[in-house]
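# Structure at a glance
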Amino acid sequence: MFFVNRHDAAERLSQALMHWKGRNPLILAIPRGAIEIGRVIANRLDGELDVVLVRKLRAPSSPEFAVGAVAENGWSYIAPHAQAAGADDRYIDEEKRYQLNVLKERRQRYTPDRASTDARGRIAIVVDDGLATGATMVAALHAVRALQPARLICAVPVASPRGIALVRPLADEVVCLLAPEEFGSVGQFYRTFEQVEDEQASCWLSETVRRTPPSP
């Protein structure tokens, strides 16, 4: 199964989450690509959209390969393979500082005029466009769990079996449409998988916030 694009993936994922429609779920998208997915799901489920800000920690010799992830609150996950990938303690500390600065800038860009939405007591659905190592989702789930939602759900269109196994113990429910044994990258399962720029992500988020009524 291939997804045409992120919008197509979001429509299919929405159907698998339809049991939360009418429960005022809080959809928390991991920027940037997942914001398009999150806004479709929020619309279909009559929910509310916000972002959960996390960044992967890049391997020294391969920036696309994650050796961990860090959340906006400073919590970090370091993958077991980090040392083998050349990420020693000093490198990890430097990479964390760099990515936390990026997260600070993104918070100002994405939600400059408001605080992040309170997830306490809410149905919180954390979405991404796919899981490869699962490191970024691990950090996101930890960050959202600390906000004390009533229920924490991880929802992705596609994931590696390793990624799913890593996040499953951290969520109350995991919804994944496709977890093939032969997994190279998230993008291979989309016919169109264009990079989303910050300007586009900010626009989608602000448009959705304007349409969304305040939570009761």
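Residues numbered from 1 in each chain as written. Predicted model: local features only at pLDDT ≥ 70, side-chain atom pairs only at ≥ 80, totals over all residues. Heavy atoms only, no water.

To continue, consider the nonpolar core. Residues Leu 17, Ile 27, Ile 41, Ile 125 and Val 127 are the most contacted members of the largest nonpolar core, which totals 42 residues. With six residues, the single largest contributor to this core is helix H2 (residues 34-44). What Ile 125 contacts, discounting residues up to four positions off in sequence, is Leu 17, Trp 20, Pro 25, Leu 26, Ile 27, Leu 28, Leu 45, Ile 153 and Ala 155. In this structure, Leu 26, Ala 135, Ala 139 and Ala 140 belong to the second largest nonpolar core, which totals 30 residues. (Core = buried A, V, L, I, M, F, W, Y, C linked by side-chain atoms within 4.5 Å. Buried < 20%, exposed > 50% of the residue type's maximum accessible area, 1.4 Å probe, protein only. Helix = DSSP H or I, 4+ residues; strand = E, 2+ residues; numbered from the N terminus. Contact = heavy atoms within 4.5 Å.)

With respect to the element layout, Arg 106 can be found in helix H3 (residues 89-110). We classify Arg 106 as buried; its relative accessible area is 6%.

Its 22 residues give H3 an end-to-end C-alpha distance of 31 Å, which sits within 8% of 32 Å, the value for a rise of 1.5 Å per residue. Those residues of H3 that sit buried are Ile 92, Glu 95, Gln 99, Val 102, Leu 103, Arg 106, Arg 107 and Tyr 110. An end-on view of H3 places all buried positions within 140 degrees of arc, on one side of the element. Away from its buried face, by an angle of more than 90 degrees, H3 presents the exposed residues Arg 90, Arg 97, Lys 104 and Gln 108. (Expected span 1.5 Å × (residues − 1). Arc of directions from axis to C-beta.)

Let's shift gears to the pairing of strand E6 (residues 123-127). Of all five residues that make up E6, five are buried, and the element is covered over most of its length. Alternating residues of E6 divide into Ile 123, Ile 125 and Val 127 and Ala 124 and Val 126, and every residue in both groups is buried. As paired strands, strand E1 (residues 26-29) and E6 are joined by four bridges and run parallel to one another. Note on E6: the bridge partner recorded for Leu 28 is Val 126. Direction of pairing for E6 relative to strand E7 (residues 151-158): parallel, over a ladder of five bridges. (Pairing = 2+ DSSP bridges.)

Our next topic: the sheet that holds strand E3 (residues 54-59). Backbone-to-backbone hydrogen bonds join strands into a sheet, with any given pair of strands oriented parallel or antiparallel. If you trace the three strands from one edge of the open sheet to the other, you get E3-E4-E5, paired in antiparallel fashion. The open sheet terminates on both sides in strands that have one partner only, identified here as E3 and strand E5 (76-78). The mean inter-strand angle of the sheet, taken between neighbouring strand axes irrespective of direction, is 45 degrees. Running over the sheet, H3 touches E3, strand E4 (62-71) and E5 and is turned about 145 degrees from E3. Sheet strands touched by helix H4 (residues 135-145): E3, E4 and E5. Its angle to E4, the strand with the most contacts, is close to 10 degrees. (Axes fitted to C-alpha atoms, helices over the stretch in contact; angles between N-to-C directions.)

Of the consecutive residues Pro 31 and Arg 32, the connecting peptide bond is found in the cis state with omega at 10 degrees. As for its placement among the helices and strands, Arg 32 is situated in the loop between E1 and H2. Here the phi dihedral of Asp 46 falls at roughly 55 degrees; this positive angle occurs in a residue that is not glycine. Relative to the helices and strands, Asp 46 resides in the loop between H2 and strand E2 (48-51).

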